[in-house]
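Breakdown of the fold
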Amino acid sequence: MSMIKVEGLTFAYPKSYDNIFENVTFQIDTDWKLGFVGRNGRGKTTFLNLLLNKYEYGGRIISSVEFDYFPYSVRDKKDLTINVISEVCPLAEEWEIYRELSYLEVEGDVLFRVFETLSKGEQTKVLLAALFLNEGHFLLIDEPTNHLDIKAREMVASYLNSKKGFILVSHDRRFLDSCVDHILSINRSDIEVQSGNFSSWMENFERRQANELAQNERLKKDIKRLQTAALRTGEWSERVEKSKAGAYDKGYVGHKAAKMMKRSKAAEDRQNKAIEKKAELLKNTERADDLKIIPLSYHSDRLLALNNVAVSYGDRIVCDAVTFEVRQGDRIALDGKNGCGKSSILKLIMGEDIDYTGTVSIGSGLVISYVPQDASYLKGTLSEFAYNSNIEESLFKAVLYQLGVEQIQLEKDISGFSDGQKKKVLLARSLCQSANLYVWDEPLNFIDIYTRVQLEKLIEKFSPTMIFVEHDQMFRDNAATKIIEI
């Protein structure tokens with residue numbers, strides 16, 4: 001057991017006018033299973049890169065362990081998987097490799113397949129297994145669930161729970177609860193470490209916020225009362241002071257005026273102390289404003305239907321024939337393993353040129369709002385994006401702000417946004433569009449926990465008709481009215 005100590009850490013990207021970290025100090029134990037949470041754009045991935053010594057920074061990071069990072073950058077994806085693993089953990093014995101893969105239910109024959117032919121989920125499992133074979137290293141795991149279906153997430157969570165010595169960046173609440181014993185959170189004004197899983201941390205955080213809000217309201221009332229008292233006493237003192245001119249006993253009146261002034265000064269001092277106490281509160285309060293959406297009603301109860309639809313790429317059929325329909329008020333989650341064709345079905349509904357058999361019937365004049373899976377291509381200003389998307393710029397930026405994108409970020413180029421902030425751009429566009437049907441393909445990839453809760457509340461309140469793919473089981477359980485197995 002050893003400690004990783006962070007002392008007075010200060011960092012900003014070159015040419016940036018705002019610090020990501022400012023004089024941050026904390027320490028963590030290398031035996032912990034540490035969940036790392038915080039709003040998108042707060043600097044989670046940046047902090048991992050600082051641990052890896054990729055950037056210059058102020059302050060000190062003291063550690064006696066070597067850090068490894070996931071996702072690992074494979075040099076040659078056309079190489080055999082066994083050679084890729086040997087590159088990651090050159091000292092591992094073959095029997096150890098087979099053992100780790102068996103824990104993740106990965107068949108041994110993948111070792112002799114070309115790495116790039118493995119599914120994204122298989123690649124994730126193989127690389128995690130290889131990295132954990134580097135004995136004595138501390139693993140920095142950045143968003144491992146993005147290519148994992150629900151069953152694979154449960155398996156990887158169980159695997160991580162059997163390990164120790166890692167930081168895990170994830171926004172999947174159930175996944176975090178299954179495999180961490182401490183939480184490292186980047187808040188608005190500081191970084192804190194707390195023992196327990198995510199749910200216990202969130203409960204404490206919300207309780208602390210509620211207490212601070214209540215105390216803040218009390219102090220606001222106290223300040224207003226003290227301001228009134230100080231003003232009234234000051235006016236009395238001034239009136240008494242003026243009366244000295246014609247008074248018989250000027251000493252008595254002067255004493256009375258001084259007493260009044262003293263009372264005024266005491267009320268002012270108490271007011272200033274209350275203001276100081278108030279300033280210490282709410283530094284870490286997270287905005288989670290209620291979102292709005294304006295679904296359009298459709299002239300028919302049935303919006304679309306798929307009958308015996310099977311998608312294929314060339315000669316390969318990627319999914320068995322599927323039949324379902326979408327009616328007004330339905331919120332349908334497509335479920336199935338990675339690569340089974342869920343995204344292809346959504347693209348088919350969106351009118352993309354995809355080979356298929358069966359029948360797709362889409363209602364005439366149906367207005368669809370689409371959130372694609374990939375947001376990495378986004379660039380340019382938010383103003384340009386709003387104009388090209390035919391949505392009102394001021395509303396679009398207001399929704400982004402409600403989603404936790406800070407004001408200072410709204411004037412930057414989208415290409416410099418974090419992955420989560422880019423996904424919020426696509427979500428904000430969809431929320432600004434009035435539509436009969438909302439089609440969302442893995443909308444929560446890289447999205448922070450606060451936004452996930454906001455979206456759940458939005459869906460519960462406005463009940464838009466939806467069809468979506470999402471592997472966050474808690475979100476799916478809260479949002480879906482039907483689940484279609486693919």
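The text that follows walks through the structure, step by step, so that each part is easy to find. Just so it is clear, the structure is predicted and the values come from calculations on it, not from any experiment.

Check the secondary structure of the protein chain and you find 14 helices and 18 strands. Classification of the 486 residues of the protein chain by burial places 50% in the buried group. Of the contacts formed within the protein chain by residues at least 6 apart in sequence, a portion of 72% connects residues at least 24 apart. Carbon and sulfur atoms make up 48% of the accessible area of the protein chain, which amounts to about 24,000 Å² in all.

Take the layout of surface pockets next. In this structure, the second largest pocket encloses a volume near 680 Å³. Surrounding the second largest pocket, 29 residues form its lining, Leu-131, Asn-134, Glu-135, Gly-136 and His-137 being those nearest its centre. For the lining of the second largest pocket, the elements supplying multiple residues, two or more each, are β5 (66–70), α2 (81–88), α3 (94–103), α4 (120–132) and β6 (137–142). Its residues placed into classes, the lining of the second largest pocket shows 15 nonpolar, five polar and nine charged.

Before going further, it helps to spend a moment on the environment of Glu-56. Of note, Glu-56 is situated in the loop between α1 (44–51) and β4 (58–62). Here the alpha-carbon distance between Glu-56 and Phe-11, two residues 45 residues apart in the chain, equals 7.8 Å.

So, about the sheet that holds β6. Through backbone hydrogen bonds, the strands of a sheet pair up, either in parallel or in antiparallel fashion. Spatial ordering of the open sheet is given by β5-β6-β7-β3-β8-β9, a layout of six strands whose pairing is mixed. One side of each edge strand has no neighbouring strand; the edge strands of this open sheet are β5 and β9 (191–195). This sheet shows a mean twist of 20° between the axes of neighbouring strands, independent of strand direction. Bridging between β5 and β6 involves five bridges; their strand directions are parallel. Counterpart to Phe-67 in the pairing with β6 is Phe-138. On top of the sheet, α4 reaches β5, β6 and β7 (166–169); it is set at about 175° to β5, its chief contact.

Most often, soluble globular proteins have nonpolar side chains that are buried together. Within the largest apolar cluster, 46 residues are counted, with the highest numbers of intra-cluster contacts made by Ile-141, Leu-160 and Leu-168. Considering every element that reaches this core, the biggest residue donor is α4, with seven residues. Once residues lying within four places of it in the same chain are set aside, the contact partners of Leu-168 are Leu-34, Gly-35, Phe-36, Ile-141, Pro-144, Leu-160, Phe-175, Leu-176, Cys-179 and Val-180. Judged by nonpolar contacts, the second largest core, of 37 residues, contains Leu-291, Leu-400, Ile-414 and Phe-468.

Once that is clear, we can look at the pattern of salt bridges. On inspection of all chains with the given rule, the structure shows 24 salt bridges. Of the charged contacts in the structure, one is a salt bridge between Lys-78 and Glu-116, with a shortest N-O distance of 3.1 Å. Here Lys-78, found in the loop between β5 and α2, pairs with Glu-116, found in the loop between α3 and α4; they are 38 residues apart in sequence, far enough to count as distant. Given a relative accessible area of 41%, Glu-116 falls into the partly exposed group. For the salt bridge of Arg-452 with Asp-472, the shortest nitrogen-to-oxygen distance reads 2.5 Å.

So, about the packing of helix α11 (residues 393–402) against helix α12 (residues 419–432). Where α11 meets α12, the axes come as close as 9 Å, and the angle between the chain directions of the two elements is 125°. Taken together, α11 and α12 sit at an angle that is classed as oblique. Where α11 crosses over α12, the handedness of that crossing is right-handed. Residues Leu-395, Phe-396, Val-399 and Leu-400 of α11 pack against Lys-424, Val-425, Ala-428, Arg-429, Leu-431 and Cys-432 of α12. Looking at the contact of α11 with α12, its residues break down into eight nonpolar, no polar and two charged.

What follows deals with helix α5 (residues 150–161). Taking 1.5 Å per residue, 12 residues should reach 16 Å; α5 reaches 16 Å between its end C-alpha atoms and fits that length. Looking at where α5 begins, the residue whose side-chain oxygen comes 3.2 Å from the main-chain nitrogen of Lys-151 is Asp-149.

Applying the stated criterion across every chain yields a total of 14 aromatic pairs. Taking 5.8 Å as the distance between ring centres and 75° as the angle between the ring planes, the aromatic pair formed by Phe-36 and Phe-47 counts as edge-to-face. With Phe-36 in strand β3 (residues 33–38) and Phe-47 in helix α1, this pair connects stretches of sequence that are 11 residues apart. Classification of Phe-47 as buried rests on a relative accessible area of 1%. Between Phe-67 and Phe-138, the aromatic rings sit 5.9 Å apart at their centres with planes inclined by 90°, giving edge-to-face as the arrangement. Here the residue Phe-67 occupies a position in strand β5, and Phe-138 occupies one in strand β6, the gap between them amounting to 71 residues. Just as Phe-67 is buried, Phe-138 falls in that class too. For the cation-ring pair, Lys-54 lies above Tyr-69, with the distance from its terminal atom to the ring centre recorded as 5.8 Å.

Let's shift gears to unusual backbone geometry. In the segment running from Phe-70 into Pro-71, the intervening peptide bond is cis, with an omega of 15°. Within the fold, Pro-71 resides in the loop between β5 and α2. A positive phi angle, near 55°, is found at Glu-105, a position not held by glycine. One can find Glu-105 in the loop between α3 and α4.

The subject of this paragraph is empty space enclosed by the protein. Within the structure shown, the criterion is met by two cavities of 30 Å³ or more. In this model, the largest cavity occupies a volume close to 60 Å³. What lines the largest cavity is Val-37, Gly-38, His-171, Ser-185, Ile-186, Asn-187, Phe-198, Trp-201, Met-202, Asp-448, Ile-449 and Tyr-450. At the level of secondary structure, the elements contributing two or more residues to the lining of the largest cavity comprise β3, β8 (182–186), α7 (198–242) and α13 (449–462).

The rules behind the values
- All residue numbers refer to position in the chain's written sequence, counted from 1.
- It should be noted that, the model being predicted, local features are given only for residues of pLDDT at least 70 and side-chain atom pairs only at 80 or more, the latter also being counted only at that level, while totals for whole chains, interfaces and linings use all residues.
- Processing note: side-chain calculations cover all non-hydrogen atoms of the structure and skip hydrogens and water entirely.
- Only DSSP runs of H or I covering at least 4 residues are called helices, and only runs of E covering at least 2 are called strands; the numbering of each starts at the N terminus.
- A 1.4 Å probe rolled over the protein chains alone gives each residue an accessible area, and that area as a share of the maximum for its type sets the label: buried under 20%, exposed over 50%, partly exposed in between.
- By definition, residues are in contact when any of their heavy atoms lie within 4.5 Å.
- Only the protein chains shown count as cover for residues, with accessible areas throughout obtained via the Shrake-Rupley method and a probe of 1.4 Å.
- In this analysis the probe radius is 1.4 Å and the grid spacing 1 Å, with only protein atoms considered; a cavity is a set of points the probe fits into but cannot get out of, a pocket is an open set with protein on both sides within 12 Å along at least five of seven lines, and lining residues have an atom within 4 Å of a point.
- Grid points are joined across faces, edges and corners, and a volume is the space filled by probe spheres set on the points.
- Throughout this entry, Asp, Glu, Lys and Arg are counted as charged residues, while Ala, Val, Leu, Ile, Met, Phe, Trp, Tyr, Cys and Pro are counted as nonpolar. The remaining residues, Gly among them, count as polar.
- Pairing between strands is defined by DSSP: at least two bridges between them are needed.
- Every angle, taken between N-to-C directions, lies between 0 and 180 degrees, and every axis is a line fitted to C-alpha atoms, over only the stretch in contact when it is a helix.
- In this text, buried Ala, Val, Leu, Ile, Met, Phe, Trp, Tyr and Cys residues form a nonpolar core when linked through side-chain atoms within 4.5 Å.
- Within this document, salt bridges are pairs made up of a side-chain nitrogen of Lys or Arg and a carboxyl oxygen of Asp or Glu, the two lying within 4 Å of each other.
- Every angle not falling under 35 degrees, over 145, or within 65 to 115 is termed oblique; those three ranges are roughly parallel, roughly antiparallel and roughly perpendicular.
- In this scheme the crossing of two helices becomes right-handed for a clockwise turn of the near helix relative to the far one and left-handed for an anticlockwise turn of less than a right angle.
- Multiplying one less than the number of residues by 1.5 Å gives the expected span of a helix.
- By the criterion applied in these results, polar contacts are pairs of N or O atoms within 3.5 Å in which, for protein atoms, one can donate a hydrogen and the other can accept it, and in which residues neighboring in sequence qualify only through two side-chain atoms.
- Stacked, edge-to-face and tilted labels apply to pairs of Phe, Tyr and Trp rings (six-membered ring for Trp) whose centres lie within 6.5 Å, assigned for plane angles under 30 degrees, over 60, and everything in between, in that order.
- As a reminder, the over-ring test applies to NZ of lysine and CZ of arginine, requiring each to be within 6 Å of the ring centre and within 35 degrees of the ring normal.

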